[in-house]
Every structure is written in C-alpha cells, then in structure tokens.
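Here are the chains, one letter per residue:
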Amino acid sequence: MVVHSQSAALDHCSLIKTCKPTATVFNGIPVVNLGDPQAKTLIVKACEEFGFFKLVNHGVPMEFISELETEALRFFNLPQSDKDKAGPPDPFGYGCKMIGSNGDVGWVEYLLLNTNPQITSHQTHTVFRENPESFRSAVNDYVQAVKRMAFEVVELVADGLRIEPRDALSRLLRDDKSDSCFRLNHYPPCPELQALSGRNLIGFGEHTDPQIISVLRSNNTSGLQICLKDKTWVSAPPDQTSFFINVGDALQVMTNGRLRSVRHRVLADPKNSRLSMIYFGGPPLSEKIVPFPSLMAKGEESLYKEFTWWEYKTSAYKSRLADYRLGLFEKRSASAVAGL
Ligand SMILES: C=C1C[C@]23C[C@@]1(O)CC[C@H]2[C@@]12CC[C@H](O)[C@@](C)(C(=O)O1)[C@H]2[C@@H]3C(=O)O
Ligand SMILES: O=C(O)CCC(=O)C(=O)O
Ligand SMILES: [Fe+2]
C-alpha cells in the first residue's frame, strides 16, 4: 500500500470513510480460559450477550503466531508492484483498499485465502507463486492449529447449549468441503490523513461475518471495535497473545437467534500499523442452515426461512459490507414487523 503526499493522499482516499475517535475502551469483554471447567457456560453467556469474547490458554503455539506475523509483514512490506501480482482478489488473493466487489473501501490491504484442502493447491499458482515457501508453510501451520482450537470452541458451544450430537457444529468445520477462509489484514498508519481530518480512517467498515465462527488474532495495535446490544460502539483492547472469537450469521440462525452475530469494524491507528489474521469457519456449500432441532423449545418456530450456505453466501457476496444480510432470510423482516 503506497502512502502519497498529503493532498494527493486525501484525494486518493476520499472514498474512505472516517469516524470521530470517540468509542470508549471497553473492559467488559468476557475472557474465557479454554482450560476452565466452566468454559462452555461462559462461552454461551458471552455469545448471547455480545457474540464476542476473548480466548486465553488457547493452545495455539506462540511460535506459529510469530512466524506468520513475520512472513505476513515481509509480504506487506514488498513493493506495491510485487504485491499486486497476487491480486486482484477474486475473491481470493491480494486486495488493497477495495473490500469485496460492491464498492466498499477501507484503509486496509489484505490477503484472502481459501482453507479448503481441495482448493489450496490452486493458491500455489496465485498468491504463493512469487513468495517463499516459508510463507505458505507458516500459513498452513497457523491455520491448522487455529482450526483445531475452533473445533474445540464450537464443541463447547454445542455442549453449553445442549445441542445434540456434540459435534453437530464441529463436523461442519472439519468437513473436507467446509467453506472456510483465512484473511491477513494490514492497516498501515496514516498520521497525515488523520491529522488533517481530526478523525480516524475506517480500516474495515462495520459488518457481521457471514460464517459460523471467526477466530481473530492481531498484533498489539488497537482498532477493533464491536457494537453492543444498545448500539454503542466500544473498542476491544488489543492482546497479541489471545484470540477474539466472533459469532457469525450462520451460527445466529442455527441457534434461532439465541447467539448473536456481532457487528464489528476496524479503525486505522494514526501511528502504528495493525496486522490481523482471521480464520472464518464456514459449513459446506450444500449444508442447510436451520436451527438445531435439539435447541428448539416445544412449538418454537424458526425465525428464518430455510436456505443453504451456498444461497446465503451468494446473497452475502452481492451485498455491501454494512448491510443487514440476514434480513432477506427472516420470516418476519424488520420492516414487516414495523408495519411498513
Ligand atoms: C463487501 C463484502 C466483503 C465480504 C463480501 C461482501 O460482499 C459482504 C461480506 C464481506 C465479508 C466479511 C467477513 C469476511 O472478511 C469476508 C471474507 C466474508 O466472508 O464476508 C468478507 C467478504 C470479502 O472481503 O470478500
Ligand atoms: O482486521 C481485523 O481486525 C478485523 C477484520 C474483519 O472483521 C474481517 O476481516 O472480517
Ligand atoms: Fe469481520
């Protein structure tokens, strides 16, 4: 990502939204220790209240994390023309400022990768073609370890909600055809732009993640914010040794709205670069996304129309980042309820 001189930069970035640096640092984010016998109860409570929590004692080796951080920074520090060889994202590959294909922009550059073993071989010829083998191997080691931890987390979710069988969720992520992906986001600092406007540049605009679960790790630079139930935005203090777990739209549907997918966004930091790595665990494309029968009370009806992950994903990828994507699939849409 190239940072131009002040006025050229402002011109160039006029499409990138800004926001007042007002959100308060929130110290109420639930922290769950994966080794705690109470973990399943705490996870369910956090996912009901926030759709978000911090995971410690997660078992992902620190060495995998720092190796990937080194490799990713090496990549993002390459000349723009070299990085562009790994793009444009289709949706996989290198992208800069443009997020998705429907006009969203942010102060971010990224690599979006597929984690499906049946497809990763293709990436050898695109993203990893021009980069050292050590990069691909660092991604693989990290993703493998994070996946294992994510399987454990969703098994605790199922256990905590008394969903049967216990692997009802984890089998979807473990499936060879699981439609999961992995993202490396780099938010360079941009002091001139922020000083000129007195506002923070939006790195990654507000949205919910469409999948089942997202597992996020970042360096120690702040920027991640979540939207609470009362619609206020708060900042999650960064913690480079822990993971943040987000409930995605699919899990909200599978729990008939009991767990909520969290709206979140990232503001670029004026002084420090932020690097984040996110695993998005999704089901196979053919999977029907419906509430688990074992979770439904007698006579309870699904809040959502029946759809497959393919249908949801296709619709999501036609939407803008901030859109309320589940709206199209609700039996009683918000506007119908309001009598509009
Ligand atoms: C604007 C978009 C980018 C996105 C696809 C979409 O049309 C709407 C959902 C976006 C999102 C958010 C979470 C993940 O970062 C992501 C990879 C995903 O699955 O849905 C992105 C998509 C993207 O960057 O292509
Ligand atoms: O980069 C981050 O910290 C979060 C980005 C995000 O929410 C996403 O890529 O979906
Ligand atoms: Fe996200």
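Residues numbered from 1 in each chain as written. Chains lettered and ligands numbered in written order. Predicted model: local features only at pLDDT ≥ 70, side-chain atom pairs only at ≥ 80, totals over all residues. Heavy atoms only, no water.

- Per an unreviewed UniProt entry, the protein is named Fe2OG dioxygenase domain-containing protein, and its organism is Hibiscus sabdariffa.
- The record in UniProt for the protein states the following under Sequence similarities (unreviewed entry): "Belongs to the iron/ascorbate-dependent oxidoreductase family." (UniProt positions renumbered as here; feature names shortened; annotations may be inferred.)

**Here's the deal with the coordination of the iron ion (ligand 3)**
Point 1. Donor atoms from the polypeptide that coordinate the iron ion (ligand 3) comprise His207 (NE2), Asp209 (OD) and His264 (NE2), at 2.1 to 2.2 Å from the metal.
Point 2. Between the donor residues of the iron ion (ligand 3), the gaps in sequence give the motif H-x1-D-x54-H.
Point 3. His207 sits in the buried class, given a relative accessible area of 8%. (Donors = N, O, S within 2.8 Å, 3.2 Å for Na, K, Ca; no water. Buried < 20%, exposed > 50% of the residue type's maximum accessible area, 1.4 Å probe, protein only.)

**Comments concerning the packing of aromatic side chains**
Point 1. If you walk through the whole model with that rule in mind, you get eleven aromatic pairs.
Point 2. Between the aromatic rings of Phe75 and Phe76, the centroid separation amounts to 5.4 Å while the plane-to-plane angle is 75°, which identifies the pairing as edge-to-face.
Point 3. Owing to a relative accessible area of 0%, Phe75 belongs among the buried residues under this scheme.
Point 4. Their ring planes at 70° and their centres at 5.8 Å tell us that Phe75 and Tyr94 sit as a pair that is edge-to-face. Of this pair, Phe75 sits in helix 3 (residues 62–76) while Tyr94 is found in strand 5 (residues 93–99), placing the two residues 19 residues apart along the sequence. With respect to burial, Phe75 and Tyr94 carry one shared label: buried.
Point 5. Grouped by ring-pair contacts, the aromatic residues Phe75, Phe76, Tyr94 and Phe135 constitute a single cluster. (Phe/Tyr/Trp six-rings, centres within 6.5 Å; stacked < 30°, edge-to-face > 60°. Helix = DSSP H or I, 4+ residues; strand = E, 2+ residues; numbered from the N terminus.)

**Some points on the packing of helix 2 (residues 39–49) against helix 6 (residues 133–160)**
Point 1. Packing of helix 2 against helix 6 leaves a shortest axis separation of 8 Å and a crossing angle of 85°. As judged from the angle between their axes, helix 2 and helix 6 are roughly perpendicular. Side by side, helix 2 and helix 6 meet where Ala39, Lys40, Ile43 and Val44 of the first sit next to Val153, Leu156, Val157, Asp159 and Gly160 of the second.
Point 2. When its residues are assigned to classes, the contact of helix 2 with helix 6 shows six nonpolar, one polar and two charged. (Axes fitted to C-alpha atoms, helices over the stretch in contact; angles between N-to-C directions. Parallel < 35°, antiparallel > 145°, perpendicular 65-115°, else oblique. Contact = heavy atoms within 4.5 Å. Nonpolar A, V, L, I, M, F, W, Y, C, P; charged D, E, K, R; others polar.)

**Describing the confidence of the model for the protein**
Point 1. When pLDDT is averaged across the protein, the result is 91; 91% of the residues are at 70 or more.
Point 2. A low-confidence stretch, residues 4–12 (pLDDT under 50), is modelled with eight contacts involving residues beyond four sequence positions or located in other chains.
Point 3. Model confidence for the complex is summarised by a pTM of 0.94, with the ipTM given as 0.99. (pLDDT = per-residue confidence, 0-100.)

**Notes on helix 6**
Point 1. If you check helix 6, its first and last C-alpha atoms are 41 Å apart, about what 28 residues at 1.5 Å a residue would give, namely 40 Å.
Point 2. Immediately downstream of helix 6, the backbone of Arg162 shows phi near 55°, a positive value. (Expected span 1.5 Å × (residues − 1).)

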